[in-house]
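Structure assessment
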Amino acid sequence: MAILTDDKKQIIDKHQRQDNDTGSVEVQVAILTAKIADLTEHLKVHKKDYSSRRGLLKMVARRTNLLKYLQRIDRPRYLALIQSLGLRK
């Protein structure tokens, strides 16, 4: 259910802006997107897991806020990110 360390490193390597970048908006959104996809699959099997559903909703809200921030400060970076992650916006 959790993202493995190797998967997380690959996500960071793909979306980082500099060599030591692990906290930029792009990296945070990419990691949240992977977690959201993983948790969505979990909830398809465990329909009554309400605490995980609450966590999923919190992650989606955080990702939405980060995307709004990125759209506000740098529209080309925002468009490139949603294109690479396949998000609809």
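Our structure is the block above this text.
What comes next concerns the included structure. (Residues numbered from 1 in each chain as written. Predicted model: local features only at pLDDT ≥ 70, side-chain atom pairs only at ≥ 80, totals over all residues. Heavy atoms only, no water.)

Comments concerning the packing of helix α3 (residues 50-73) against helix α4 (residues 75-85)
Direction vectors running N to C along α3 and α4 enclose 135°, while the axes themselves pass 5 Å from each other. Accordingly, the angle class assigned to the pair α3 and α4 is oblique. For the pair α3 and α4, the contacting residues are Leu67, Leu70, Gln71 and Ile73 in the first and Arg75, Arg77, Tyr78, Leu81 and Ile82 in the second. (Axes fitted to C-alpha atoms, helices over the stretch in contact; angles between N-to-C directions. Helix = DSSP H or I, 4+ residues; strand = E, 2+ residues; numbered from the N terminus. Parallel < 35°, antiparallel > 145°, perpendicular 65-115°, else oblique. Contact = heavy atoms within 4.5 Å.)

Some thoughts on helix α2 (residues 25-45)
Residues spaced three or four apart along an α-helix point in a common direction, a consequence of the helix completing one turn every 3.6 residues. For α2, built from 21 residues, the straight-helix expectation of 30 Å at 1.5 Å per residue is met to within 8% by its first-to-last C-alpha distance of 31 Å. All buried positions along α2 are accounted for by Val25, Glu26, Val27, Val29, Ala30, Ile31, Leu32, Thr33, Ile36, Leu39, His42 and Leu43. Along its buried surface, α2 packs onto α1 (5-15), α3 and α4. (Expected span 1.5 Å × (residues − 1). Buried < 20%, exposed > 50% of the residue type's maximum accessible area, 1.4 Å probe, protein only.)

Some words on the nonpolar core
Ranked by internal contacts, the top residues of the largest apolar core, which has 15 residues, are Val29 and Leu67. Of all elements in the fold, only α2, α3 and α4 reach the threshold of two or more residues within this core. Per-element tally for this core: the top contributor is α2, with six residues. (Core = buried A, V, L, I, M, F, W, Y, C linked by side-chain atoms within 4.5 Å.)

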